[in-house]
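Structural features, examined
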Amino acid sequence: MSGRCPCSSGDTFDACCEPYLLGVANAPTAETLMRSRFTAFAVADVDYLRRSWHSDTAPAELELDPDQRWYRLDILATDAGGLFDDEGTVEFRARYKHPDGAGSMTEVSRFVRVDGGWRYLDGVVSR
Ligand SMILES: [Zn+2]
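Residues numbered from 1 in each chain as written. Predicted model: local features only at pLDDT ≥ 70, side-chain atom pairs only at ≥ 80, totals over all residues. Heavy atoms only, no water.

1. Quick notes on the coordination of the zinc ion
Distances from the zinc ion to its protein donors, Cys5 (SG), Cys7 (SG), Cys16 (SG) and Cys17 (SG), fall at 2.2 to 2.4 Å. Taken together, the 4 donor atoms surrounding the zinc ion define angles of 103 to 113° at the centre, an arrangement classified as tetrahedral. Read N to C, the donor residues that coordinate the zinc ion are spaced as C-x1-C-x8-C-C. This pair shows no difference in class: Cys7 is buried, exactly as Cys16 is. (Donors = N, O, S within 2.8 Å, 3.2 Å for Na, K, Ca; no water. Tetrahedral: all angles 85-135°; square planar, octahedral: opposite > 155°, others 65-115°. Buried < 20%, exposed > 50% of the residue type's maximum accessible area, 1.4 Å probe, protein only.)

See below:
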């Protein structure tokens, strides 16, 4: 699949988040994992959302609202989460469209490295 990646990186999907969703590569940094999870929300890849969620905090049930269309991601700040880190945080704003109205969500997410791969631990929604 070509076309722009849903995570707003400007890269094509196959050169950006797709390898992570397919499980053929590990996101190297907390930010790339964050981007790939946004993409998974955008394409409704529940399986990837589960796999990239820390087992301690992953929800038992995960259902996405099919009417909520995530269309833009802005990374606002990152702290650690690099190639040689074991934890990190990413602050982002995600925008969506919905029949009930458009909106955005801003969150500071925490990520940890487990067995060499990054996992989403939890997050605090700020607005
Ligand atoms: Zn991407």
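2. A look at the packing of aromatic side chains
Pairs of aromatic rings are described using the distance from one ring centre to the other and the angle between the two planes. Applying the stated criterion across every chain, the model contains 5 aromatic pairs. When the ring of Phe38 is compared with that of Trp70, the centres are 6.4 Å apart and the planes differ by 80°; the resulting orientation is edge-to-face. One end of the pair, Phe38, is in helix H2 (residues 30-42); the other, Trp70, is in strand S1 (residues 69-80), and 32 residues separate them in sequence. Taking the relative accessible area as the measure of exposure, Trp70 reaches 13% and is therefore buried. Chaining the aromatic ring pairs together yields one cluster made of Phe38, Phe41, Trp70 and Tyr96. The ring of Trp53 has Arg37 sitting right over it, with the charged end atom 4.6 Å from the ring centre. Geometry around Tyr71 places Lys97 over its ring, the cationic atom sitting 4.4 Å from the centre. (Phe/Tyr/Trp six-rings, centres within 6.5 Å; stacked < 30°, edge-to-face > 60°. Helix = DSSP H or I, 4+ residues; strand = E, 2+ residues; numbered from the N terminus. Lys NZ or Arg CZ within 6 Å of the ring centre and 35° of its normal.)

3. What to know about the side chain of Glu107
Mapped onto the secondary structure, Glu107 falls in strand S3 (residues 103-114). Within the buried set, Glu107 has no salt-bridge partner at all; the shortest N-O distance to an opposite charge, 7.1 Å, is to Arg37. A distance of 2.6 Å separates the side chain of Glu107 from the side chain of Ser109, its partner in a polar contact. Each residue touching Glu107, except ones within four places of it in the same chain, is listed here: Val90, Glu91, Phe92, Tyr120, Gly123, Val124, Val125 and Ser126. (Lys, Arg positive; Asp, Glu negative; His and termini not counted. Salt bridge = Lys/Arg side-chain N within 4 Å of Asp/Glu carboxyl O. Polar contact = N/O pair within 3.5 Å; in protein donor to acceptor, adjacent residues only side chain to side chain. Contact = heavy atoms within 4.5 Å.)

4. A closer look at unusual backbone geometry
Non-glycine residue Ser8 carries a positive phi angle of around 70°. Along the chain, Ser8 turns up in the segment before helix H1 (18-22). The exposure class assigned to Ser8 is partly exposed, which follows from its relative accessible area of 36%. Although it is not a glycine, Ala80 adopts a positive phi angle of roughly 55°. Mapped onto the fold, Ala80 is located in strand S1.

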